[in-house]
Amino acid sequence: QVHLVESRGGLVQPGGSLRLSCAASGSIFSIYIMGWYRQAPGNQRELVADISNLGTTHYADSVKGRFTISRDDAANTVYLQMNSLEPEDTAVYYCNARNLITPTRDNYWGQGTQVTVSS
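On a predicted model such as this, the values are computed, not experimentally measured, just so you know.

A. Looking closely at unusual backbone geometry. Look at N76: it is not a glycine, yet its phi comes out positive at around 55 degrees. Mapped onto the elements of the fold, N76 is located in the loop between β7 (67-72) and β8 (77-82). A positive phi angle, near 50 degrees, is found at S84, a position not held by glycine.

Here it is as structure tokens:
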């Protein structure tokens, strides 16, 4: 079982930057896909970015060119670097780890952290 702990979010002005981190209490093996999701009030939880064991990344269209996801398996940590933040990025951000082979059984979530983009 994987336990995920996210760093604090925060209040950022439009155009600013913020880096989120997610540390796992257990080892994240190469078969796990790491990702970041977010949920704004009244909206569904949506995928922001994910990264495979091979380093392949995927981004939501709304964050392409602004956000970067990375992982450090030795440190059991995944990061989300957010640049050029917009008010529309305001949401609770959740770290996710899912097993490539058993994604329904082994699918873990962080506690969620609030990111607010406002002047």
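B. Representation of the sheet that holds β8. As summarised here, the arrangement of the four strands in space is β1-β3-β8-β7, forming an open sheet in which the pairing is antiparallel. On the outer flanks of this sheet lie β1 (4-6) and β7, each paired with one strand and no other. Within this sheet the neighbouring strands show an average axis-to-axis angle of 15 degrees, counted without direction. Pairing between strand β3 (residues 18-24) and β8: six bridges, direction antiparallel. Note that in β8 the partner of A23 across the bridge is T77.

C. Just the side chain of T113, in detail. When you line up the elements, T113 lands in strand β11 (residues 113-117). Given a relative accessible area of 7%, T113 falls into the buried group. At a separation of 2.6 Å, a polar atom in the side chain of T113 contacts the main-chain amide nitrogen of G9. Beyond its immediate stretch of four places on either side in the chain, T113 contacts E6, S7, R8, G9, L20, A91, V92 and Y93.

D. Here's a closer look at the environment of I31. Structurally, the position occupied by I31 is in the loop between β3 and β4 (32-39). Spatially, the C-alpha atom of I31 lies 7.3 Å from that of I101, the residues being 70 residues apart in sequence. Excluding residues within four positions of it along the chain, I31 makes contact with R98, N99 and L100.

Parameters at a glance
- Residues numbered from 1 in each chain as written.
- Predicted model: local features only at pLDDT ≥ 70, side-chain atom pairs only at ≥ 80, totals over all residues.
- Heavy atoms only, no water.
- Helix = DSSP H or I, 4+ residues; strand = E, 2+ residues; numbered from the N terminus.
- Pairing = 2+ DSSP bridges.
- Axes fitted to C-alpha atoms, helices over the stretch in contact; angles between N-to-C directions.
- Buried < 20%, exposed > 50% of the residue type's maximum accessible area, 1.4 Å probe, protein only.
- Polar contact = N/O pair within 3.5 Å; in protein donor to acceptor, adjacent residues only side chain to side chain.
- Contact = heavy atoms within 4.5 Å.

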